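Analysis of the macromolecular model
The chain contents come next:
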Amino acid sequence: MVFAGAAAHAQAAGPGGPAASPAGITSATASLIDVALNAPTPVSIRYSIAGTPSAMGPETPLAGQFCSALNRAYPASGVTIGNPCAPASNLGSANPAVGFISNAAQTGETLVVPETIARQAAQRAAASGNSIFYFVRQFSSGKFAVVRLRLTASSASSPLAFTDIRLGFRGGAGLQNIGFFKRDQLLPAVSAMLRYQGAGVLRARWEIVQPGDTLPTPLDLTAEAGLSPLERAQQRRYRVLERVNIYLPAAGQAVVSGPAPRLLPNDQYGQYLLLLRIEASDSIAGVAGGIAPFVLPVLRYYIGENSDPVARTKLVPEAINLVAPQTGARLDKDAALTFQWLENQNVSLYRLEIEANGKPAYAARIRPSAQSGINRYTAPPFIAASLVDKVARWRVVALAGDGQFVGESEWREIASLP
């Protein structure tokens with residue numbers, strides 16, 4: 001396999017070993033990137049690539065780790081041969097690399113620095129007096145890219161980076177993430193609830209996916225700051241309803257109003273998807289703002305013959321209410337991970353979905369409980385362990401007998417202990 005051979009090649013290319021190919025990674029983000037102490041911090045890292053290692057094929061990202069010290073001087077280019085982390089300085093591993101394009105001249109990844117890593121780095125910093133630590137990414141050419149990270153109590157000086165985005169129709173019970181309306185009916189107002197690190201200008205577009213349009217892919221639903229110019233050009237564009245250009249202070253949370261209800265189309269029967277497309281904004285220390293290490297959410301609504309709630313309950317269940325784990329619950333990787341939600345009427349099958357760092361991590365189909373009340377599902381033992389140091393969330397989707405979507409819960413964040 002390529003990964004096994006690449007790893008062996010990289011290990012042999014340490015100090016005193018065979019020289020790595022001159023092709024491959026040539027430089028990495030050189031500026032300091034601020035990392036908050038009290039929350040997961042998304043950061044965008046850019047790499048430059050020269051050619052392709054002839055013996056290894058396309059440059060492939062391998063393992064990543066955080067460390068508190070280097071065993072040599074920080075390389076001016078950010079690239080070195082052999083693992084530069086000093087012995088006994090390891091702070092933990094990193095999430096798998098995402099966002100790479102083989103043979104691209106410049107590419108990168110959106111990395112989430114877990115709060116647990118930042119806390120460990122802070123403990124080391126208290127002893128050494130140095131608030132800088134490092135992220136190291138190994139590549140198949142035998143080279144290692146090194147990025148400097150700096151602990152900060154405030155994220156005000158960091159580029160804008162989103163940790164959660166939720167869209168919904170405003171109503172008495174808060175944001176509703178799905179809606180059913182009659183043709184030509186004026187829709188309710190829409191809002192986006194944002195959680196973020198740093199501060200800066202939010203540049204975005206409200207786009208609408210109409211019945212008959214090609215549905216967006218994960219690439220289409222990725223924030224621009226985490227993509228290379230080539231990837232951005234490959235994103236599918238939809239009809240723009242309204243543009244957003246507002247300043248977000250270092251408050252950590254904000255509510256952004258959606259397009260005026262009169263702008264939301266309602267003249268065709270079928271499903272509509274409303275998307276808040278996050279554009280790359282002004283950079284701080286060379287790092288673009290607007291990072292989001294997850295697939296951007298969409299607000300789904302349907303236009304049909306009848307939007308009366310009583311009529312809809314015959315075919316469509318109400319929103320699914322989650323019970324446990326609670327939002328932000330810390331999960332023991334060695335303990336059973338059990339999910340619970342309230343049972344709904346007229347549901348033939350539930351689909352439990354788990355995402356880690358914005359990518360699907362696990363899914364299971366569960367039959368409704370034989371007893372009315374709470375549905376329970378205990379995940380396999382390896383699931384909790386696989387979520388360590390990752391930004392994870394879960395939801396439950398309701399399915400009809402033919403497998404068609406009929407309802408869903410909101411996403412709920414969870415965390416796991418290291």
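**Notes on the overall build of the protein chain**
Scanning the protein chain from terminus to terminus reveals five helices and 28 strands. Expressed as a percentage of its 418 residues, the buried residues of the protein chain come to 50%. For the protein chain, the share of sequence-separated contacts (at least 6 apart) that also reach a separation of at least 24 residues comes to 74%.

**Examining the state of the cysteines**
Under the definition given, this model contains one disulfide. Here Cys67 connects covalently by a disulfide to Cys85, the sulfurs 2.3 Å from one another. Between Cys67 and Cys85 the disulfide shows an S-S torsion of about -70 degrees. By sign, it is left-handed. Of this pair, Cys67 sits in strand β4 (residues 61–67) while Cys85 sits in the loop between β5 (79–81) and β6 (90–93), placing them 18 residues apart in sequence. Among the residues examined, Cys67 registers a relative accessible area of 0% and is labelled buried. Note on Cys85: relative accessible area 12%, which makes it buried.

**A short note on the side chain of Arg412**
Of note, Arg412 is situated in strand β28 (residues 412–416). The side chain of Arg412 sits in the buried core without any salt bridge; Glu410 is the nearest counter-charge, 7.5 Å away. A distance of 3.4 Å separates a polar side-chain atom of Arg412 from the backbone oxygen of Leu322. Side-chain polar atoms of Arg412 contact the backbone oxygen of Val323, separated by 3.4 Å. For Arg412, the residues in contact, after removing those within four places along its chain, are Arg166, Leu322, Val323, Ala324, Pro325, Gln326, Thr327, Ala392, Arg393 and Trp394.

**Structural notes on the pairing of strand β23 (residues 349–356)**
On a regular strand, one side chain projects to one face of the sheet and the next to the other, so that they alternate. Counting buried positions along β23 yields seven of eight residues, so the element is predominantly enclosed. The pairing of β23 with strand β26 (residues 392–399) spans eight bridges and is classified as antiparallel. Residue pairing in the sheet places Arg351 in a bridge with Val397 of β26. Alignment of β23 against strand β24 (residues 359–366), held across seven bridges, turns out to be antiparallel.

**Considering the sheet that holds strand β25 (residues 374–378)**
Read from one edge to the other, the open sheet built from three strands follows the order β20-β22-β25, with strand pairing classed as antiparallel. Strands with a single pairing partner mark the edges of an open sheet, and in this sheet they are β20 (322–324) and β25. Taken over all neighbouring pairs, the strand axes of this sheet differ in orientation by 25 degrees on average, direction set aside. Pairing of strand β22 (residues 338–342) with β25, which is carried by five bridges, proceeds in the antiparallel orientation. Each bridged residue has a counterpart across the sheet, and for Phe339 the counterpart in β25 is Tyr377.

**A look at the pattern of salt bridges**
Scanning the model with the defined rule gives 15 salt bridges in all. Arg150 serves as the salt-bridge partner of Asp34, at 2.8 Å between the closest nitrogen and oxygen. Pair noted here: Asp34 is in strand β2 (residues 33–36) and Arg150 is in strand β9 (residues 143–152), with a separation of 116 residues, a long-range link. A salt bridge links Glu224 to Arg237; the nearest nitrogen and oxygen atoms lie 3.8 Å apart. A residue pair is termed long-range when its members are at least 10 positions apart, and Glu224 in the loop between β13 (200–209) and α3 (229–234) and Arg237 in the loop between α3 and β14 (239–248) qualify at 13 residues. A single network of salt bridges, built from pairs that share partners, joins Arg205, Glu207, Glu224, Arg237, Arg243, Arg277 and Glu279.

The rules behind these values
- One numbering rule holds for all chains: residues counted from 1, following each sequence as written.
- Where local features are concerned, this predicted model is filtered to residues with pLDDT of at least 70; where side-chain atom pairs are given and counted, the filter is 80 or more; whole-chain, interface and lining totals use all residues.
- Side-chain numbers come from the whole structure's heavy atoms, not from hydrogens or water.
- Only DSSP runs of H or I with at least four residues qualify as helices, and only runs of E with at least two residues qualify as strands; both kinds are numbered from the N terminus onward.
- Type-normalised accessible area, obtained with a 1.4 Å probe on protein chains alone, sets the label of each residue: buried when under 20%, exposed when over 50%, and partly exposed for intermediate values.
- Contacts are assigned to residue pairs with any non-hydrogen atoms lying within 4.5 Å of each other.
- Only a pair of cysteine sulfur atoms within 2.5 Å qualifies as a disulfide here.
- Working convention for charge: Lys and Arg count positive, Asp and Glu count negative, and His plus the chain ends are omitted.
- When a carboxyl oxygen of Asp or Glu is within 4 Å of a side-chain nitrogen of Lys or Arg, the pair counts as a salt bridge.
- Any pair of nitrogen or oxygen atoms within 3.5 Å is treated as a polar contact; in protein, a donor-acceptor pairing is required on top of that, and neighbouring residues in sequence qualify only through side-chain atoms on both sides.
- Strand pairing is assigned whenever DSSP detects at least two bridges linking the two strands.
- Axis definition: a line fit to C-alpha positions, over the contact stretch in the case of helices; interaxial angles, taken between N-to-C directions, run 0 to 180 degrees.

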